[in-house]
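One letter stands for each residue in the lines below.
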Amino acid sequence: MSKLKTSKFGLGLAAGAMALGLSTAGVADGHGDSFNGIGAKITDKAVEPWDISVFYDGTNLPEGSGSVEAGQQPYDAKCAMCHGAFGEGAEGYPKMMGDPMPQFVKSLKQGLDGVGNRAVNNAWGHAPTLYDMIHRHMPFYAPGTMPVDESYAVTCYVLNLAGIVPMDFTCSKETLPDVDMPSTDYYVTDTRPDVKNERCMSDCYDAEPKVVGAAVTGVSQ
Ligand code: HEC
């Protein structure tokens, strides 16, 4: 199973990107650790806003909370125009509520349109990843603008629209990992080990290169 967690992987990417962005500032200020004379060491505080990845088991869910009730107003204002007031989808945007699980699975087995029916009630395996997606990615026109409590509330409202949590439910880092999602059993953990190969930088290919032609058969001309 992969050992990657946000705090390492996510921070590494963010830190790299930020260090590039801050390189001139570092040189101008003349302080901080530098790499080859350019850039400045990123501070934890600067990285913090980027460290928002939440894992399926709830790892990295932030402090805060939001109820189904508190989610209605922001959902109506920021989400309903695209996803429908009842999660039915609007203007060609995805619905929150698709076919119920048995019907969804039956359609997939018959090779029918699984994608068009995919929604929160049948295709999301874990509630923390739903929070993650909404907090980082929605509303579509202004991703990343919702405060934590509002994202919890809207997530809760969507879960309620999808018939997964009751009206009096409150979402938080304590409750979301235990929400029973209808399709959890359809998700598997990738147990393959991490592999670490040495990168080859020269003389990596010792055979003669050969071009393999594509054989076209069965075509009437
Ligand atoms: C301007 C239109 C628009 C608005 C407004 C919008 N979304 Fe979305 N939403 C999309 C699009 C497009 C997708 C699918 C594409 C993607 O995932 O990037 C999507 C996907 C989703 C999904 C995943 C659906 C699935 O099952 O795959 C969820 C959940 C979601 N949005 C929640 C929200 C919430 C909550 C809000 C309000 C805070 C919101 N959206 C506002 C356009 C919108």
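Heads up: the structure comes first, above all this text.
Quick summary incoming for the structure in this document. (Residues numbered from 1 in each chain as written. Predicted model: local features only at pLDDT ≥ 70, side-chain atom pairs only at ≥ 80, totals over all residues.)

Looking now at the site of the ligand. Neighbouring the ligand are 20 residues; Cys79, Cys82, Met138, Pro139 and Phe140 lie closest to it. Mapped by element, the contributors of at least two residues to the shell around the ligand are helix 5 (80–83), helix 8 (120–123), helix 9 (127–137) and helix 10 (148–161). Class assignment for the residues of the shell around the ligand results in 17 nonpolar, 1 polar and 2 charged. (Near = placed C-beta within 6 Å. Helix = DSSP H or I, 4+ residues; strand = E, 2+ residues; numbered from the N terminus. Nonpolar A, V, L, I, M, F, W, Y, C, P; charged D, E, K, R; others polar.)

Where helix 4 (residues 68–78) meets helix 10, the axes come as close as 7 Å, and the angle between the chain directions of the two elements is 95°. With respect to helix 10, the axis of helix 4 lies roughly perpendicular. Here helix 4 contributes Val68, Ala70, Gly71, Gln72, Pro74 and Tyr75 to the contact with helix 10, which in turn contributes Glu150, Ala153, Val154, Cys156, Tyr157 and Asn160. In terms of residue class, the contact of helix 4 with helix 10 is made up of 8 nonpolar, 3 polar and 1 charged. (Axes fitted to C-alpha atoms, helices over the stretch in contact; angles between N-to-C directions. Parallel < 35°, antiparallel > 145°, perpendicular 65-115°, else oblique. Contact = placed C-beta atoms within 7 Å.)

What follows is about unusual backbone geometry. In this structure, Pro139 follows Met138 across a cis peptide bond, with omega equal to -5°. Of note, Pro139 is situated in the loop between helix 9 and helix 10. A positive phi angle is found at Asn60, which is not glycine, with a value near 80°. In this structure, Asn60 sits in the loop between helix 3 (44–47) and strand 1 (65–67). One non-glycine residue, Glu91, lies in the positive phi region at around 50°. A tally of 8 C-beta atoms within 10 Å means that Glu91 is categorised as exposed. (Buried ≥ 20, exposed ≤ 12 C-beta atoms within 10 Å, placed from the backbone.)

Another aspect to go through is the nonpolar core. Residues Val120, Cys156, Tyr157, Val158, Leu159 and Ala162 are the most contacted members of the largest nonpolar core, which totals 30 residues. Looking at this core, the elements that each hand over two or more residues are helix 4, helix 9 and helix 10. When residues of this core are assigned to their parent elements, the largest contribution, 8 residues, is made by helix 10. The residues contacting Val120, other than those within four sequence positions of it, are Met96, Met97, Leu130, Val158, Leu159 and Ala162. (Core = buried A, V, L, I, M, F, W, Y, C linked by C-beta atoms within 7 Å.)

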